Protein chains: 4
Amino acid sequence: MEKRSAPLRQTLLIRCPDKPGLIHGITGLLLETGCNIVSNHEFVDPVDSIFFMRTEFFGHPENTDHLNRIKALLPQDAEIKVHAEKRQKVILFATRESHCLGDLLLRHRSKELDIDIPCVISNHKELQSLVEDFHLPFQFIDHEGLSREEHEGKILNFLQTIPFDFIVLAKYMRILSENFVSQFPERIVNIHHSFLPAFVGASPYKQAYERGVKLIGATAHFVTSSLDEGPILAQDVIPVDHSFTKDKLVLNGRDIEKVVLARAIRFVLEHRVIVWKNKTVIFK
Amino acid sequence: MEKRSAPLRQTLLIRCPDKPGLIHGITGLLLETGCNIVSNHEFVDPVDSIFFMRTEFFGHPENTDHLNRIKALLPQDAEIKVHAEKRQKVILFATRESHCLGDLLLRHRSKELDIDIPCVISNHKELQSLVEDFHLPFQFIDHEGLSREEHEGKILNFLQTIPFDFIVLAKYMRILSENFVSQFPERIVNIHHSFLPAFVGASPYKQAYERGVKLIGATAHFVTSSLDEGPILAQDVIPVDHSFTKDKLVLNGRDIEKVVLARAIRFVLEHRVIVWKNKTVIFK
Amino acid sequence: MEKRSAPLRQTLLIRCPDKPGLIHGITGLLLETGCNIVSNHEFVDPVDSIFFMRTEFFGHPENTDHLNRIKALLPQDAEIKVHAEKRQKVILFATRESHCLGDLLLRHRSKELDIDIPCVISNHKELQSLVEDFHLPFQFIDHEGLSREEHEGKILNFLQTIPFDFIVLAKYMRILSENFVSQFPERIVNIHHSFLPAFVGASPYKQAYERGVKLIGATAHFVTSSLDEGPILAQDVIPVDHSFTKDKLVLNGRDIEKVVLARAIRFVLEHRVIVWKNKTVIFK
Amino acid sequence: MEKRSAPLRQTLLIRCPDKPGLIHGITGLLLETGCNIVSNHEFVDPVDSIFFMRTEFFGHPENTDHLNRIKALLPQDAEIKVHAEKRQKVILFATRESHCLGDLLLRHRSKELDIDIPCVISNHKELQSLVEDFHLPFQFIDHEGLSREEHEGKILNFLQTIPFDFIVLAKYMRILSENFVSQFPERIVNIHHSFLPAFVGASPYKQAYERGVKLIGATAHFVTSSLDEGPILAQDVIPVDHSFTKDKLVLNGRDIEKVVLARAIRFVLEHRVIVWKNKTVIFK
């Protein structure tokens, strides 16, 4: 008699053109193959008739029969992903500012963020002692005197030595090239310090100060080759007024930046996000 | 013996380069000339060293001596305005949507907004019955077959027959020309259905839908000759998600539009706003 | 051959103890009986293992076979409701304040709120002209000189003459007795002018002023026999500070009251709410 | 010729019954005595006619003449305080949860919070390594086997060995006695994990879960002898829904707790707060 491993929590994400009977069919196949559905969410985009589904279930990991049968059930152009529960590896990139990085290190330390952080990569040394005080490896990869291509080449070489699932740009203040980004689709999360699409690019707080807005914001998004134009994962704002100098905007903005980034990371790590047409469907 | 009128509530607004002793000097002159200060707020812009002040006081309206003496006290390039309390006249412009207009009519009816509305002007007839049910004059000024210049000419002719203090564009869906706008500086308030500067121009909800933002907003601003770029008076946002179609964004956005517009109007009517460098200082 | 009516949009709401296969079973029965599922949402309460489901589908109204078969499928203690799409009748109660009532009348007039309002009932005459200017019947039911029982008796007599689905208390400032409330379970929506459970009962703005809170709120809830303790449908808050007098709290609070009430009414009218343990599951 | 020290930034806080000419008089005395006013804010409570003022100025620290003259100018019952700029000493109390403590340690490390932290006191050892990794002293003061009086006696003895300005309870989960609290009026800041006055006392998230609220909040306040009833310094909320278990409320609530606490601490450290009638006037 075959020995089988214990059932594992798995997350199924499906995106395909809608047609009648999809939920019934998919849940039926999961039931038939002995999977125990824990939660199930669907969304049908009413404009383009696209079906999105996220299902958490317990199933035997070696049993992949149901997946093939689900694939057979779905229309063409379906995207289907299954993520078995595992501790995920997230590499953090940072530059000089500590508020987002430190916040993530704290969440990691308290196990609120139940991940591995194989290392923190930075093009500056300012944050080294912080990272090392959290007993994590810090990798300094200097960009001085290097072209963007050369600098990214060094980072890519380094990344090949470490398995990881996601990269989080925790205030990494360099623009990543299309070449770099395209190697990690939907695997790089960035925090931008404005309410996108307002104030794209450099110095958003300066731009906000000059425009005289009455709210400032932060946006977490997947990184694509278009600067600050990737699919948005989370956004938030706080009220400000005329008495806020640029420095006071920066000071107050930090608190939303770190909270919005952490919220976005949680969505990504829990496999709650399906991207489509440069937008996100997020099953909360 | 001279007969004097009763003291009147007045609002003094000052903007000038900062120098030591301004508050002391100004309050001193008000006290000396028998004015009774009710409230007093100052703000000094730390970047450009500009002094802003708003003072409410009771004084005899015929007594303008203190004003001349305050002027003498201030540096050159000072802007000084005094508004004696009076019931203000506000003309509303609208097109087809009723949520902002109706909300203002309700606030007027309940006396929350203690103003006169000499009339509502529209380039369409849809809102005529609503306005007339509130027992207010409705002026239809058709734009069909007219150039922008001709249409605005008709509006300007009409406006010359009615005294008014402010114009509120309560979802008036036509762009006003520079010629029109320049005749009423800081006297036209508009509501734009986005969190400016995101989604300037036409169809902001469509733009927001396509960008996949997680918050939508509304912005009330003074109208200047640059479309959607006038000084911002008030802004607010509400959370949305992937399940919001464009129509649902419109539906939910209405509730912030009307609330933000009413908030901005209150600031303007209570003389709480000083404009400078295309931004607003608002004394709340 | 039988003549059949056109398929009608219907909403199915289910609440029952959870067990494996419910979604599969229910969607299967709907498919089998020719219903076309438009949207489907489920929620399983992880603490008590209760299954909640809301399904919108098109089906022939005379076909109730699927309902009986769904019932047979569900565990005992299941609650199942089907609402065929129809224009709903909502009676509004008000007293003297016009902001919530007027807001609802405007939404009704613009068809944003696509309901019938058979009449507005009030224990005062202040709002009569407003209601009549919206071309709706106003029913004055005086409470002067009457006991609560007698006054409610008159209201109940009047209600028996008018079919209606829901009652909305749009700032109706009298407490309804247990006898009254128990006749319309989950059919009376109230707006309370505080962030419940803070400031239960009379004068919440006065209580908020005296406590010195930095936010004020509004809560819409189903009315039960316990004052201000019914299941919460919607809540929101706005920031305030020490400069807000009680009157300014009232003024600013109105804007959240009316928006929160309208949001709650939309949930109720669209059959998005399932009550359980004095709480609401709301499928947005 | 006398040697004088350099002028120092100082903050003047005044609270007294209102009378005409106060601002003029106070600013005049500051000018006369060579102080350079940087910013000036006043507020007059319109209900009780109380005058509140906060003035930042540069003046020679040995010059206290102006203070005596200001005192002479004010009505009886005036409270007047001057705080010369200095690096303040803040002792942190914590128990087991790290999110508020860690957040403050990070802000301290990055110099966003420009204070001294002489030590962190805790009745548990869980947070010792975190504090020590930030290179700060950790003082474990066990409460096991001690009465509240005995435990506080030990803390008080320890506090006598360390000069400090404020105590911050960063999730310190023990109730402080009236005896303890009364020794540090307006010097202890606490964070309570609810939107007070909702959910006073133990387990506010459990209470929020059971009541089914649609927002959860956090409140920072000065500690007085009445549990959770001290003057409120800052509050904020985030939206939640039926899908939030108690644990998810806790998880999400942490992000507002730490941000609200930090905001309150900033107000206190910058001498922006005047307490009156168990409420706070906060000059932002």
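Rules and cut-offs
- Residues numbered from 1 in each chain as written.
- Chains lettered and ligands numbered in written order.
- Predicted model: local features only at pLDDT ≥ 70, side-chain atom pairs only at ≥ 80, totals over all residues.
- Heavy atoms only, no water.
- UniProt positions renumbered as here; feature names shortened; annotations may be inferred.
- Least-squares fit on C-alpha atoms with pLDDT ≥ 70 in both.
- Contact = heavy atoms within 4.5 Å.
- Salt bridge = Lys/Arg side-chain N within 4 Å of Asp/Glu carboxyl O.
- Helix = DSSP H or I, 4+ residues; strand = E, 2+ residues; numbered from the N terminus.
- Buried < 20%, exposed > 50% of the residue type's maximum accessible area, 1.4 Å probe, protein only.
- Core = buried A, V, L, I, M, F, W, Y, C linked by side-chain atoms within 4.5 Å.
- Polar contact = N/O pair within 3.5 Å; in protein donor to acceptor, adjacent residues only side chain to side chain.
- Pairing = 2+ DSSP bridges.
- Buried area = accessible area lost by both parts, 1.4 Å probe.
- Nonpolar A, V, L, I, M, F, W, Y, C, P; charged D, E, K, R; others polar.

Looking at an unreviewed UniProt entry, one finds chain A named Formyltetrahydrofolate deformylase and attributed to Leptospira ognonensis. As its UniProt record puts it under Catalytic activity (unreviewed entry), chain A is described as follows: "(6R)-10-formyltetrahydrofolate + H2O = (6S)-5,6,7,8-tetrahydrofolate + formate + H(+)". In its Function (unreviewed entry) section, the UniProt record describing chain A reads: "Catalyzes the hydrolysis of 10-formyltetrahydrofolate (formyl-FH4) to formate and tetrahydrofolate (FH4)."

S.K.: Please explain the relation of the copies chain A and chain B as it appears in this structure.
M.R.: Superposition of the two copies of the chain requires a rotation about an axis together with a shift along that axis. Of the two same-sequence chains, chain A is brought onto chain B (RMSD 0.0 Å, axial shift 0.0 Å) by a rotation of 180°. Such values leave the two copies arranged in the relation of a two-fold axis. For chain A, the minimum C-alpha distance to the rotation axis belongs to A:Ala198 and amounts to 2.3 Å. Most of the interface of chain A is mirrored in chain B: 100% of its interface residues are interface residues there too.

S.K.: I keep staring at the pattern of salt bridges and nothing clicks. Help me out?
M.R.: Two side chains with opposite charge may pair up if their charged atoms get near one another. Throughout the structure, instances matching the rule amount to 88 salt bridges over all chains. A salt bridge links A:Asp165 to A:Lys86; the nearest nitrogen and oxygen atoms lie 2.8 Å apart. With A:Asp165 in the loop between α5 (148–159) and β8 (166–169) and A:Lys86 in the loop between β4 (79–84) and β5 (90–94), the pair connects residues that are 79 residues apart, well separated along the chain. Take A:Lys86: its relative accessible area is 49%, and that puts it in the partly exposed class. Between D:Arg87 and D:Asp114 there is a salt bridge, and its shortest N-O distance comes to 2.5 Å.

S.K.: Would you take a moment to explain the nonpolar core for this structure?
M.R.: Here is a general trend for soluble globular proteins: nonpolar side chains tend to be buried in one another's company. Counting residues in each nonpolar core, the largest one holds 207 residues, and the members touching the most others are A:Leu101, B:Leu101, C:Leu101 and D:Leu101. Not counting residues up to four positions away in its chain, the partners in contact with C:Leu101 are C:Leu92, C:Ala94, C:Val120, C:Leu127, C:Leu130, C:Val131 and C:Ala170.

S.K.: Mind showing me how you'd approach the UniProt feature "active site" (unreviewed entry) in chain A here?
M.R.: In this structure's numbering, the residues bearing the UniProt feature "active site" (unreviewed entry) are A:Asp228. Mapped onto the fold, A:Asp228 is located in the loop between β10 (215–222) and β11 (232–239). Looking at A:Asp228, the relative accessible area reads 6%, which means it is buried. Here A:Asp228 is in contact with A:Asn190, A:His192, A:Leu196, A:Val200, A:Gly201, A:His221 and B:Arg211, once residues within four sequence places are set aside. In terms of polar contacts, A:Asp228 uses its side chain to reach the backbone amide nitrogen of A:Gly201, at 2.8 Å.

S.K.: I'm lost on the pairing of strand β13 (residues 279–282) of chain A in this one. Help?
M.R.: A regular strand places its side chains so that they alternate between the two faces of the sheet. Residue and element names in this part refer to chain A. What you see with β13 is no split at all: Lys279 and Val281 on one side and Thr280 and Ile282 on the other are buried throughout. Two strands pair when backbone bridges link them, and strand β12 (residues 273–276) and β13 are joined in this way by 4 bridges, in the antiparallel orientation. Within β13, the residue paired with tryptophan 276 across the bridge is lysine 279. The hairpin turn running from β12 into β13, its antiparallel successor, is 2 residues long, and lysine 277 in that turn takes a positive phi close to 55°.

S.K.: What is the right way to look at the interface of chain B and chain D in this model?
M.R.: A common measure of how large an interface is: the accessible area buried when the components associate. The interface of chain B with chain D comprises 9 residues on the first partner and 9 residues on the second. Buried surface at the junction of chain B and chain D, summed over both partners, amounts to about 940 Å²; 62% is from carbon and sulfur atoms. The largest share of the area that chain B buries against chain D comes from B:His24, B:Leu31 and B:Glu42, three residues that together contribute 46% of it. At the junction of chain B with chain D, the criterion picks out 0 salt bridges. Remark: the boundary between chain B and chain D carries 7 residue pairs in polar contact (both at pLDDT 80 or more). Listed by contribution, the elements that provide at least two residues to the side of chain B that touches chain D are α1 (22–32) and β2 (36–45) of chain B. With 5 residues, the single largest contributor to the side of chain B that touches chain D is α1(B). Within the side of chain B that touches chain D, the residues separate by chemical class into 2 nonpolar, 6 polar and 1 charged.

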